[in-house]
Amino acid sequence: MSTGPIRPARTGAALLLTALLAALPGLLLTGGPAGAAAVSGTAGNGAAVSGTAGSTTPASATPASATPANTTSATGDPVASPVDFTGAGGTVLHGLLLASPAATAGTRGPGLVMVPGAGPGPLAELRAAAEAYARHGVTTLVFDKRTDGYSTTHRDYGQLAEDALAAVRLLRARPEVAPDRVGLWGLSEGAWVTSLAATRSTEVTYLVTVGAVGLTPARQQAWAYRGYLRHAGVHGSLVDALSDTSVRQLSAAGIFPEADYDPVPVWERVRQPVLAEWGTLDREAAPEESAAIIHRALDRGGNTHYTLRTVPDVRHNLHLTADDGYDRPDRLPADYAEAESAWIQRLATGLPTASADPAPQQDIRSRALDPLPWYESTWVEAVATLLCLTGFAGYALTGAARRLRRRPRPAALPRAARWAALTGTAALLGALGYLLFLMVTAAMFPGPVLFGRPVVWLAVQLLALFALGAAAVAAVSARRERAALAAAPAADRVRLGALLLAGVVFLPWALSWGLLLP
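Everything quoted here is computed from the prediction, not taken from an experiment. (Residues numbered from 1 in each chain as written. Predicted model: local features only at pLDDT ≥ 70, side-chain atom pairs only at ≥ 80, totals over all residues. Heavy atoms only, no water.)

Asks: I'd like to hear about the pattern of salt bridges, residue by residue, with values.
Replies: This structure, assessed with the given rule, holds 20 salt bridges. A salt bridge links Arg230 to Asp363, with the shortest nitrogen-to-oxygen separation between them at 3.8 Å. Placement of Arg230 in helix α6 (residues 217-231) and of Asp363 in the loop between β9 (355-356) and α11 (378-404) is noted, with a sequence separation of 133 residues between them. With a relative accessible area of 47%, Arg230 lands in the partly exposed category. (Salt bridge = Lys/Arg side-chain N within 4 Å of Asp/Glu carboxyl O. Helix = DSSP H or I, 4+ residues; strand = E, 2+ residues; numbered from the N terminus. Buried < 20%, exposed > 50% of the residue type's maximum accessible area, 1.4 Å probe, protein only.)

Asks: Lay out the nonpolar core in plain terms, naming residues and giving numbers.
Replies: Residues Leu242, Leu435, Trp457, Leu499, Phe506, Trp509 and Leu515 are the most contacted members of the largest nonpolar core, which totals 58 residues. Only α6, α7 (237-253), α11, α12 (415-440), α13 (455-480) and α15 (490-512) provide two or more residues apiece to this core. Per element, the largest residue contribution to this core is 14 residues, and it comes from α12. Apart from residues no more than four positions distant in its own chain, Phe506 is found in contact with Cys388, Phe392, Ala427, Ala464, Ala467, Leu468 and Leu515. (Core = buried A, V, L, I, M, F, W, Y, C linked by side-chain atoms within 4.5 Å. Contact = heavy atoms within 4.5 Å.)

Asks: Describe empty space enclosed by the protein, with residues and values.
Replies: With the rule as written, the count across this model stands at three cavities of 30 Å³ or more. Empty space within the largest cavity amounts to approximately 120 Å³. As for the largest cavity, its lining consists of Trp223, Gly227, Arg230, Asp282, Arg283, Pro287, Tyr326, Gln361, Gln362, Asp363 and Ile364. Among the elements that line the lining of the largest cavity, the one with the most residues is α6, at three residues. (1 Å grid on protein atoms, 1.4 Å probe; cavity = no way out; pocket = protein on both sides within 12 Å on 5 of 7 lines; lining within 4 Å. Points joined across faces, edges and corners; volume = space filled by probe spheres on them.)

Asks: Account for a nonpolar patch on the surface, with residues named and values stated.
Replies: Nonpolar side chains collect at one region of the surface, where Trp374, Tyr375, Trp379, Val380, Val383, Leu387, Leu501 and Val504 lie side by side and expose about 850 Å² of accessible area between them. Broken down by secondary-structure element, the contributors of at least two residues to the nonpolar patch are α11 and α15. No other element matches α11, which puts four residues into the nonpolar patch. Relative to the helices and strands, Val380 resides in helix α11. (Patch = residues over 30% accessible without salt bridge, like charges linked within 9 Å, V, L, I, M, F, W, Y side chains within 5 Å. Areas by Shrake-Rupley, 256 points an atom, 1.4 Å probe, with all protein chains shown as cover.)

Asks: So what's going on with the side chain of Arg181? Residues and values would help.
Replies: Summarising the element assignment, Arg181 is placed in strand β5 (residues 177-187). The side chain of Arg181 sits in the buried core without any salt bridge; Asp180 is the nearest counter-charge, 5.6 Å away. Sequence-distant contacts of Arg181, defined by excluding residues within four places in its chain, comprise Arg108, Gly109, Pro110, Gly111, Thr205, Tyr206, Ile344, Gln345 and Ala348. (Lys, Arg positive; Asp, Glu negative; His and termini not counted.)

Asks: Please provide a residue-by-residue account of the packing of aromatic side chains, values included.
Replies: With the rule as written, the count across this model stands at 14 aromatic pairs. Geometrically, the ring pair formed by Trp419 and Phe466 is edge-to-face, given 6.5 Å between the ring centres and 70 degrees between the ring planes. You can see Trp419 sitting in helix α12 and its partner Phe466 sitting in helix α13, a full 47 residues away along the chain. Among the aromatic residues, those joined into a ring-pair cluster are Phe392, Phe506, Trp509 and Trp513. Sitting above the plane of the Tyr395 ring, Arg495 keeps its charged end 4.1 Å from the centroid. (Phe/Tyr/Trp six-rings, centres within 6.5 Å; stacked < 30°, edge-to-face > 60°. Lys NZ or Arg CZ within 6 Å of the ring centre and 35° of its normal.)

Asks: So, the pairing of strand β4 (residues 139-143): which residues are in play, and what are the values?
Replies: Where burial is concerned, most of β4 is hidden: five out of the five residues are buried. Alternating residues of β4 divide into Thr139, Leu141 and Phe143 and Thr140 and Val142, and every residue in both groups is buried. The sheet contact formed by strand β2 (residues 92-99) and β4 spans four bridges and is antiparallel. Looking at the pairing, Leu97 lines up with Leu141 of β4. The pairing of strand β3 (residues 109-115) with β4 spans three bridges and is classified as parallel. Residue pairing in the sheet places Leu112 in a bridge with Thr140 of β4. Following the backbone out of β3, through helix α3 (residues 124-135) and into the adjacent parallel β4, one traces a crossover that is right-handed. (Pairing = 2+ DSSP bridges. Right-handed = clockwise from strand over helix to strand, strands pointing away.)

Asks: Please provide a residue-by-residue account of the packing of α11 against α12, values included.
Replies: Helix-helix packing is described using two parameters, namely the angle between the two axes and the distance between the axes. Look at α11 against α12: their axes get within 9 Å of each other, and the N-to-C directions meet at 130 degrees. Comparing their axes, α12 and α11 come out oblique. Taken as a pair, α11 and α12 cross one another with a handedness that is left-handed. Between α11 and α12, the contacting residues are Thr385, Cys388, Leu389, Phe392, Ala393, Tyr395, Ala396 and Arg403 on the first element and Ala417, Arg418, Ala420, Ala421, Leu422, Gly424, Thr425, Leu428, Leu429 and Leu432 on the second. A class-by-class count of the residues in the contact of α11 with α12 yields 13 nonpolar, three polar and two charged. (Axes fitted to C-alpha atoms, helices over the stretch in contact; angles between N-to-C directions. Parallel < 35°, antiparallel > 145°, perpendicular 65-115°, else oblique. Left-handed = near helix turned anticlockwise from the far one by under 90°. Nonpolar A, V, L, I, M, F, W, Y, C, P; charged D, E, K, R; others polar.)

Coordinates in, geometry out; function isn't part of it.
This is the structure:
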C-alpha cells in the first residue's frame, strides 16, 4: 500500500460544491488548524537548535545565546527546554523537551516523542501528559504540529510521519536520552502517523498508541457521529444525513482528508514492541473493532512483542470523563503514565510477550460506506444544489431589489412564489449549514432535541415542506394565469421559471438529505 496521501480526485463540480458549502453564513464555528505557514529551514536536518518555542526564527539563524535557561521548581518538577528542529520539506517545528531532574544530571534513560490527534495540535495540548511521563523517568518531547501542509481539508500522514522521525532524531542526540531507547507515542490520528513512522525507521525502538483506529478515517468518523447523536437522543433521518450522506459526499468531493487511508497494512509491518491502549469509555475510535483489527494485523505480520491494554473509566485520550466518555474535559487520572512508563522501562531488560486485554465493548458497530451512485455523485449534487440556490435565492433577491426600487410586483406572478423562494432558500442553507456545524463540532452540540430531532433540524424540515407546498401552489397559480404571464416581462417569466425548476429539483435533493423523512 502506498504510504503517501490518499485523496479522491477533485473535479470542477467538487470544487463548486466545496465553494457552496464554505459560503454558508453564520452557522459554522471556527475550527481547523491555524492558517499561518511554518517557517522553512534546511531540508532533512533533524538536529536540535536553540530558540524560543513557537518562534519563527530559522534554525540556521538562531544564536546559541538565545536559548532560555532551563527551568525547574524546588518540588522536582520536570525540566522544560525549548527546542527547534526541521521536519519534512524543510519546515521548522517548535517543541518542548521535558525531563526529570535526575535525567538531566547525566543518567541516560528512555525517550518518547508524543504526536497528538487530529486538529491544530499545539504542544500545549500534550504538555500535562508529557510532564507525567517525565516524572516517571521518561524524557519526553512534544512539538507544535505543522500548519504548512496540514489543514481541515488537507493532510498527509506520510509527511507527519517524517516530522515525527525528525523529532526522534533530535531526542536520540540528547545527552539525557539513551539513543537505543527512543519511541513514539500517538493519540488517535497520531496513531496512524506513528505506526507509519515506525515502519520507516529502525531508530524508533518502541511504539505506544492511545485510541488507535483500525478503520478508515471516513468509516470511523461516521461511527463516531452516530454514537454522539444517539447519546443526545437523536434518531431518524439526521443520523443518516450526517454519518452517511455527508461523509460520503465530502469524501467523494476530496475535502475529507485521507478519508480512505487503510491502517491495516501499516500495522502488519510494525516490528517494534507495541503498547496499544483504549479507554473503556472511548466513543471515537470504535475500540472493540479497532483493537481486534490491530491485534490480527500484528499477528499476521509476525509481531510477538505487543501489549493491548484496556484502561477502565477513561475516555478516548485516557482522560477522565464526567459524561460517560462523550465530553472532553482536560483532566488526567492520578496514575496517568504510570503503567505506560513502567512498560517502557522494562524494555531495557527484555521484550514483552504478546498479550491482549478484552477490548472495550461498543454499543453499535461501524458500517461500511458504499460508493455514491451516479444520481448522488458530486457532479449531480453540485448541479442540483446550484439550481436550487439559484432558483430560490435568485427569485428572492431580485424581488427584494424590485421593492427597493419601489417597483410594483407584476400581478401575474403568484404570491406563493415569494414564500417558496424564502423558505426554500432557508431550508437549503439551513440544512447544509447545520450539517457542517455538526461536522465541525464532532456532533457534540446538536442543540435541544424534540421528538428525537434537534429543534434546528426539525425547523429545517418544516421549512422544506413549506417550500415544496408553496412551490406547488405557485405552479398551479401560474398555470391558471398563463395568459397574463405571457404578457409579463421576459425577466419575470425567467424568474418564475427558475423558481419552479428549483422546486422540482428540490424534491429529490431534500429526500436525499433526509429533510422529508422522519
